[in-house]
Structure formats: structure tokens, C-alpha cells
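# Fold and geometry: a report
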Amino acid sequence: TADISANIDTVKEGQIVKMTATVKNTGEQTAHNVKVKIQKPQYAAFADFSVGSDFIVSNDENRTIEIGDIEAGKEAQVSYYVKIEDYTYIGYEEDMTEEEIAAVDEANKFPKSIVHSLEILTDDLKNPIKSNEYTMQINDGNISIALISDIADDRVLKNGDEVNFT
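Residues numbered from 1 in each chain as written. Predicted model: local features only at pLDDT ≥ 70, side-chain atom pairs only at ≥ 80, totals over all residues. Heavy atoms only, no water.

## Comments concerning the nonpolar core
The criterion, for reference: Side-chain atoms within 4.5 Å link the members of a nonpolar core, which is a set of buried Ala, Val, Leu, Ile, Met, Phe, Trp, Tyr and Cys residues. Buried, partly exposed and exposed residues are distinguished by accessible area as a fraction of the type maximum, computed with a 1.4 Å probe on protein chains only: under 20%, between the cut-offs, and over 50%, respectively. Secondary structure elements follow DSSP: runs of H or I no shorter than four residues count as helices, runs of E no shorter than two count as strands, and numbering proceeds from the N terminus. Contacts are assigned to residue pairs with any non-hydrogen atoms lying within 4.5 Å of each other.
In terms of nonpolar packing, the biggest core is built from 25 residues, with Met19, Tyr80, Ile84, Leu118 and Met136 touching the most fellow members. Those elements giving two or more residues to this core turn out to be β1 (2-6), β3 (16-24), β4 (31-39), β5 (44-49), β8 (75-84), β10 (118-121) and β12 (134-139). The element that contributes the greatest number of residues to this core is β8, accounting for five residues. Not counting residues up to four positions away in its chain, the partners in contact with Met19 are Ile4, Ser5, Ala6, Val78, Ser79, Tyr80, Val82, His116, Tyr134 and Met136.

In C-alpha cells form, the structure reads like this:
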């Protein structure tokens with residue numbers, strides 16, 4: 001089975017969201033060469049974390065993350081980041097036809113939610129396993145602040161460690 005979750009349920013335009021996929025082997029044998037295939041969510045883009053720098057937005061349409069083997073009854077987690085697109089308002093121009101106004105109105109619609117899912121692939125299965133559909137609600141965003149640390153997010157901090165933010 002595959003289950004997607006995020007570090008937040010309601011997002012704003014331009015926000016970076018950490019997604020987590022939990023893959024569980026509910027079978028009776030080890031699943032070999034397990035991979036998570038992720039399609040880019042509509043109205044979002046993949047983002048890569050650069051330690052001590054920033055998130056770098058990618059143009060990738062999909063991503064594949066290799067997990068390896070998962071023993072029967074065990075699970076594995078993988079994480080990835082997506083950046084919610086910024087909404088851009090298109091204004092009206094003088095002397096627009098009704099058809100042009102309707103096209104602008106349609107272009108100005110921004111979704112109220114994003115639905116996201118992924119697929120699990122293994123050497124042992126002919127067809128991929130689909131995950132749950134995860135829905136993030138979108139609120140209008142007027143301001144955004146990003147604090148980027150100089151430490152990778154998978155590092156365990158110890159007492160006395162210093163973390164710097166930019």
C-alpha cells in the first residue's frame with residue numbers, strides 16, 4: 001500500500017510543502033526494487049532543497065525515488081518537496097470582445113485545492129499500485145517568508161548544535 005501525507009493541509013500560493021510517501025509491503029514476501037513514481041501535481045512544481053541556500057524549483061514532470069527492497073510486513077518512507085504555484089492575475093484591456101473577456105476570466109480562476117497521488121512500482125508486480133489521493137486546500141497568499149537552515153532536514157540535531165537561517 002502507499003499513503004501520501006504532507007507537513008500541512010492548507011497551503012498558500014508560493015509555499016513549499018514537504019510531502020511524505022509511506023510504502024508498506026502488505027504481502028507475504030519481500031518486495032524487490034521498490035520505486036515511487038510521482039507525477040507533478042497540477043498547480044505545483046517539484047522543489048529541491050539545497051542546504052544553506054534555498055529551494056530550487058524543477059521543471060520535471062515526474063520523479064522516481066528508489067526505495068530498494070521492503071520485507072513482508074515492513075514499511076519505508078520517502079520525502080520530497082513541491083512548491084505551490086503563484087497566482088497571477090490577468091487584467092482586462094480596452095476594447096476586448098466578450099470571448100476575450102471570458103478567456104481572461106477563465107485564466108484568472110485559481111484552484112481551491114490540489115489533489116495529488118503517486119504510484120508504487122516493483123519488480124514483482126506487473127501493474128503499479130496507486131496511492132491514496134491527498135488533497136491540499138489553497139488559500140490566497142499575500143506574503144510569504146521562507147527560513148532556510150544550513151543543515152539538511154534529515155540530520156538529527158544534538159544538544160549544542162547551531163542552526164543558522166537565511
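## Some details on the pattern of salt bridges
For clarity, the cut-off: Here, a salt bridge means any Lys or Arg side-chain nitrogen found within 4 Å of an Asp or Glu carboxyl oxygen.
Per the stated rule, a full pass over the model turns up four salt bridges. Its salt-bridge partner being Asp60, residue Arg63 comes within 2.8 Å of it at the nearest N-O pair. Residue Arg63 is classed as buried on the basis of its relative accessible area of 18%. Classification of Asp60 by relative accessible area gives partly exposed; the value is 33%. Among the salt bridges present, the one from Glu119 reaches Lys130, with a minimum N-O distance of 3.0 Å. Separated by eleven residues along the polypeptide, Glu119 in strand β10 and Lys130 in strand β11 (residues 129-130) bring together distant segments of the chain. Note on Lys130: relative accessible area 61%, which makes it exposed. Among the ionic contacts, a cluster of salt bridges with common partners joins Asp48, Asp60 and Arg63.

## Some remarks on the sheet that holds strand β2 (residues 10-12)
Going by this rule: Each pair of strands is called paired provided DSSP finds at least two bridges between the two strands. Simply put, an axis is a line fit to the C-alpha atoms, just over the touching stretch for a helix, and the angle between two N-to-C directions goes from 0 to 180 degrees.
Strand order in the open sheet formed by three strands is β2-β12-β9, and the pairing between neighbours is mixed. The open sheet terminates on both sides in strands that have one partner only, identified here as β2 and β9 (113-116). Shown here is a sheet whose adjacent strand axes are inclined to one another by a mean of 35 degrees, direction ignored. Across three bridges, β2 lies against β12 in parallel orientation. Paired with Val11 across the bridge in β12 is Ile138.

## Overview of the sheet that holds β3
Ordered in space as β1-β3-β8-β5-β6, the five strands form an open sheet in which the pairing is antiparallel. At either margin of the open sheet sits one strand with a lone partner, and together these are β1 and β6 (55-57). Neighbour-to-neighbour, the strand axes of this sheet turn through a mean angle of 40 degrees, independent of strand direction. Where β1 and β3 come together, five bridges link them in antiparallel fashion. The residue bridging Ile4 from the neighbouring strand is Ala21, located in β3.

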